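Structural overview
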Amino acid sequence: MLFDKSAFANIEERAIDAPAAVGNSFTELYDYLFMGLTTDLEKVRAIFCWIGHKNQTTCQAGPVDSPNSILQQVQNKNMSFAYMFARLCREGNIPCVIIQGVAKSAGYEVGDVESRVTELSNKWNGVYLAGEWRIVFPLWAFSAITGHSTGKFTLVESKGNAAREKEKKSSGVNIVQLNEYYFLTDPNDFVCVAMATDPRWQFTEQHFNLDRFCSIPFLRPSYFNRDVEITSGYSSRLHSENGEVAVGFKATDDKWQGFLTYELFFNDEESKSVLPSEMQLDRYVLMERNFQRWNFIVRCPVAGVYKLSIYSQPNGLYNVWICDFKIFCDKVAEGGTKALPVNVGTVGWGPSNDMVKAGLTAPSQRKGFVMATARKEVHFSFTCSKTVSVRTVLVHNETSEEQLQSYVSQKINKKTNKLNVAVCLPDEGEYALQIHSKDKSTNTERNACNYMISTEPTPEQKKKRQKRENVTERKARDDLKTTSNGKDLDKLTMSIAKFQKMDLDDKGDLDVALKRQNFLSLQKGLNDAIMRRHVEVLDTAITNAENSEFKTTLEPKIDQADQLRKELIKLNRFAHDVLAMKQPTVSELHSYNIVQPPIMDVMVATLTLLGEPKDNLQDWQDIQTLCRRTGRNSLIRRVREFPEKRAQHVEPSTAAEVQAILRKHDEDTVRLCSPAAGTFYVWVNNVVTDIIDSSNTRKVNTGG
C-alpha cells in the first residue's frame, strides 16, 4: 500500500541516467538524486535504484569513503550491500538499521533442521518511512545465485511424466539482478523466508522463533502474489500414511485463469532405500481438481525421503516456482505402489476451467476421485454450453481401451443440452474415465475432464468412514446446510472453510454449498461491477456469469450489467479527444490572463458537469486554480474517471443547465478562441445530450 512502482518511474529513470562522477561524494549524489524530491520514501527509492543500476556494471574507484568507493568494495566482496544501503540512507538523514538474522538462501533445502538453518546467517535493512519500519533486502534485490544444487536429489516425475534425472552438485553462479520484490517487502511475508534473530526487528504482530521458521513450507516470492494459498496445513515436513500424502491449494480469486503443476524428487542421500533401476517412474502424483482447487496426492514409489515442488503457470506459458514440501515415507501401501492408469497432464482429475473451455459445465461429480462398485453403474452428467461431440474412454493399467469400450457410454439430450455418461466397472480396481469433447465449429478435440474411478477407497476415505462426528462437527455440518439455503456469501464462505478445515466427509453437503457459493459469488461480482461502473470489471463479471451454469438465473442481472457497460463505453468514447490532449495544451488553456467569453463558458460548463460547486466558478482566477491541479484532482484525471465516479450522479436538470451555457456559442466559435476549449465543448455537449435523451426515454417508457 505504501509503494506503487509506476508512480516512481521518473525517480528510477533519473537514477539510471546518473553520471558516474556524482558518486564521488555524498553531497553530489544527493544533489542529483534528491532534486525535486520531498519525502523520505522518494529518497529511499532513489538510493535503491542508484545502487541497483550502478551495480550492473563494474564500478570505478572514487575518492575514499565515497558512494563509488563503497560500491566498489561491495562488488569486491569486502563490504555488504546492507552496510552500503544503511550508510547511504543515514548520510541522507533517513533512519536505517542493519538487521541480523537467518535466511533461506541458496544453501537451504525445505525441511532442514534448526542446526542447519542457524548456519545460514544473513543481514538486511530496516528503514523508517511514513511513520513505520519497512524492510529492504539489498543483497537479494541486487544479486542472486542460479544453478545451485546439493546433488542429492533425483527428479522422479514432472507433470505425470517419468524423469529419473539425477541432479549434479553445483555451487551455482552469482548473477547481478534488480529484484523489486525485496524493496519494502511485507514483513508478514518476509519472515517466512528471512527471520530477524531479535523479534523486535521482525515487524510482525506474532513473532517467529527458529522452530516455527523451519517448520513452514519453503515459500518463494511468487507465492506471495496471493494467486493461490495452501489449504492442507502449513508444514514443511509431511509424513505419509500408507505411502500417500496430500497437499491442497486453492485460488484466492475465482477469476484467476492460471493453473498449478508439480515436480517430485527422491532424496538419494537421506533415504534408506534406493530407486530400483527397473521401476516405472511416472504417474505417481494424482492432481485432483475442483475448478480453482488443487489436491496433489503423492503415492511414494518406494519408502524414503522426497521433495514436492509446486509451480504456478499464471498465463500457461512458463512455470513459476511457488513452494516446496519435504515428504517422509516410512513404508508404502501393502502390495506395492500403484501407478495411475493414465497421465492426464495439467488438466488433472476432476472438473476445471479446461472443462468449461471445452464446452461442458455443471458437472454432477465435482471431485476427481469417485468411489464405485464393480459391475454397478456410476453416472456423470454435464451441461453443454456449446455444440460439441463427445468421446469417452475408460482406461485400466492391465486392460486395453478396446476391451473396456463397451463399459462406458455417453448420450447428449439435444432438448436440455445435457450430457450423460454411464460407467460400469467390469471388475475391482482403479480406472480412469477420460471425457474428450470436439467443438463442431473448429473440429478440434480436447481433453475436457478426467475422473479416477475406484472400487477401493483411499486411506483418507477409509479413515473418514471409521470416524464418528462429534457435536462440534455435526454443528459445522448443520451450519453448512443452513448457510447453503441463505443469501449471505460471507457466512457461507466461513461455513465452507470451517467444514473443510475439519476435513469432514462430503455426503453431498459440501457439493451443494460450493455450488451455492459459486452462484452467490457470481451474483456479487455482477452487483459489485455495477456499483463500481468500470468497463473491465463489468467485462469480467459478465463473462464469468455467462460461462457459468447459472447463466439463465442471472440473466436479468447480466442484462443490467451489459447495458451499463455499453453506456460507459459510449461515455469513454466521448472523452477520447480530451484524454488525448497533451498537458501543454491544457496548460496553455489556463495560462490566459484575459479570457474570452466562449472559453470561460465552456470551462464553467465542464467543471459544473464534473461536480464543481458554483461558488468555485465565479471568476477566471478560480477556474485557473482548478485547471492547474495535478494528480488525482487534475482536470484530465477527473474527465477520465467521470464515467465511473460522476456520470450516474448528474441530474437531468444539471445537464440542462450545462447545455444552456453551451448553447450561447457554437463549436466553430469556441475552437477559434481555443482548440483545447473546443475539445472540452464537444465532450460536454455529447455527455449532457446523452443524459437528457436517456432521461426523456425513461419518462416515455414509464409514462411520465
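This one's a predicted model, so the numbers in the text were calculated from it and none came from an experiment.

1. What about the packing of aromatic side chains?
Under the defined criterion, the tally for this structure stands at 29 aromatic pairs. Taking the centre distance of 4.9 Å and the plane angle of 75° together, the rings of Tyr-108 and Phe-218 count as edge-to-face. In this pair, Tyr-108 is assigned in the loop between strand 1 (96-103) and helix 6 (114-117) and Phe-218 in strand 10 (residues 218-219), connecting sequence segments 110 residues apart. With a relative accessible area of 3%, Tyr-108 lands in the buried category. Ring geometry for Trp-124 and Phe-137: centres 5.3 Å apart, planes at 45°, overall tilted. Of this pair, Trp-124 sits in strand 2 (residues 121-129) while Phe-137 sits in the loop between strand 3 (132-136) and helix 7 (138-142); the two residues are 13 residues apart in sequence, bridging distant segments of the chain. The same class applies to Trp-124 and to Phe-137, which are both buried.

2. Structural notes on unusual backbone geometry
Phi is positive for Ala-130, close to 50°, though the residue is something other than glycine. By the element assignment, Ala-130 lies in the loop between strand 2 and strand 3. Under the relative-accessibility criterion, Ala-130 is labelled exposed at 66%. Positive phi values are uncommon outside glycine, yet Arg-164 reaches one of about 50°. Note that Arg-164 resides in strand 6 (residues 161-166). Take Arg-164: its relative accessible area is 34%, and that puts it in the partly exposed class.

3. Considering the sheet that holds strand 15 (residues 285-289)
Spatially, the 4 strands line up as an open sheet ordered 11-13-16-15, and their pairing is antiparallel. For this open sheet the edge positions go to strand 11 (228-230) and strand 15, each flanked by a neighbour on one side alone. With strand direction ignored, the average angle separating the axes of adjacent strands in the sheet is 25°. As defined by bridge partners, strand 15 adjoins strand 16 (residues 293-299) across 5 bridges and the pair is classed as antiparallel.

4. Regarding the side chain of Ser-352
As for its position among the elements, Ser-352 is in the loop between strand 18 (320-329) and helix 10 (353-357). Excluding residues that lie within four positions of it along the chain, Ser-352 makes contacts with Arg-289, Phe-291 and Val-347.

5. A closer look at the pattern of salt bridges
By the definition in use, this model includes 32 salt bridges. A salt bridge links Asp-198 to Arg-200, with the shortest nitrogen-to-oxygen separation between them at 2.7 Å. A relative accessible area of 26% places Asp-198 in the partly exposed class. The class for Arg-200 is exposed, based on a relative accessible area of 63%.

6. Here we look at the sheet that holds strand 19 (residues 360-361)
One open sheet accounts for 4 strands, arranged 19-21-24-23; its pairing is antiparallel. One side of each edge strand has no neighbouring strand; the edge strands of this open sheet are strand 19 and strand 23 (408-413).

7. Let's talk about the packing of helix 15 (residues 509-532) against helix 16 (residues 535-546)
Two numbers describe how helix 15 lies on helix 16: the axes approach to 9 Å, and their chain directions differ by 155°. Classified by the interaxial angle, the pair formed by helix 15 and helix 16 is roughly antiparallel. Two packed elements cross with a definite hand, and for helix 15 against helix 16 that hand is left-handed. Across the interface between the two elements, Leu-522, Gly-525, Leu-526, Ala-529, Ile-530 and Arg-532 from helix 15 touch Val-537, Leu-538, Ala-541, Ile-542, Asn-544 and Ala-545 from helix 16. Here the contact of helix 15 with helix 16 is built from residues that sort into 9 nonpolar, 2 polar and 1 charged.

8. Re the nonpolar core
Judged by nonpolar contacts, the single largest core of 51 residues is most densely connected at Trp-50, Ile-51, Phe-85, Leu-88 and Val-127. Ranked by residue count, the leading element in this core is helix 3 (residues 40-54), at 8 residues. When residues no more than four places from it in sequence are discounted, the contact partners of Trp-50 are Ala-15, Ala-18, Gly-23, Leu-29, Leu-33, Pro-67, Asn-68, Met-84 and Leu-88. Counting residues in each nonpolar core, the second largest holds 48 residues, with Phe-208, Leu-210, Val-302 and Phe-325 among its members.

Rules of the game
For every chain, the first residue of its written sequence is number 1, and the numbers climb from 1 along that sequence. Only residues with pLDDT of at least 70 are given local features in this predicted model, and only at 80 or more are side-chain atom pairs given and counted; all residues enter the totals for whole chains, interfaces and linings. As a convention, hydrogens and water are excluded, and side-chain values are obtained from all of the structure's heavy atoms. What counts as a ring pair is set by centres within 6.5 Å for rings of Phe, Tyr and Trp (its six-membered ring), and what kind of pair is set by the plane angle: stacked under 30 degrees, edge-to-face over 60, tilted for all other angles. By the criteria applied, helices consist of DSSP H or I runs no shorter than four residues and strands consist of E runs no shorter than two, each listed in order from the N terminus. Exposure categories follow from relative accessible area, calculated using a 1.4 Å probe and restricted to protein chains: below 20% of the type maximum is buried, above 50% is exposed, and the middle band is partly exposed. Here, a strand pair is defined by DSSP locating no fewer than two bridges between the strands. Fitted lines through C-alpha atoms give the axes, limited to the stretch in contact for helices. The angle between two N-to-C directions lies from 0 to 180 degrees. Contact criterion: two residues are considered in contact whenever any of their non-hydrogen atoms come within 4.5 Å of each other. Salt bridges are counted wherever a side-chain nitrogen of Lys or Arg sits within 4 Å of a carboxyl oxygen of Asp or Glu. The labels follow the angle: roughly parallel below 35 degrees, roughly antiparallel above 145, roughly perpendicular from 65 to 115, and oblique for the rest. By convention, the crossing between two helices is left-handed when the near helix turns anticlockwise from the far helix through less than a right angle, and right-handed when the turn is clockwise. Gly falls in the polar group here, along with every residue not listed as nonpolar (Ala, Val, Leu, Ile, Met, Phe, Trp, Tyr, Cys, Pro) or charged (Asp, Glu, Lys, Arg). Among buried residues, the Ala, Val, Leu, Ile, Met, Phe, Trp, Tyr and Cys ones that are joined through side-chain atoms within 4.5 Å form a nonpolar core.

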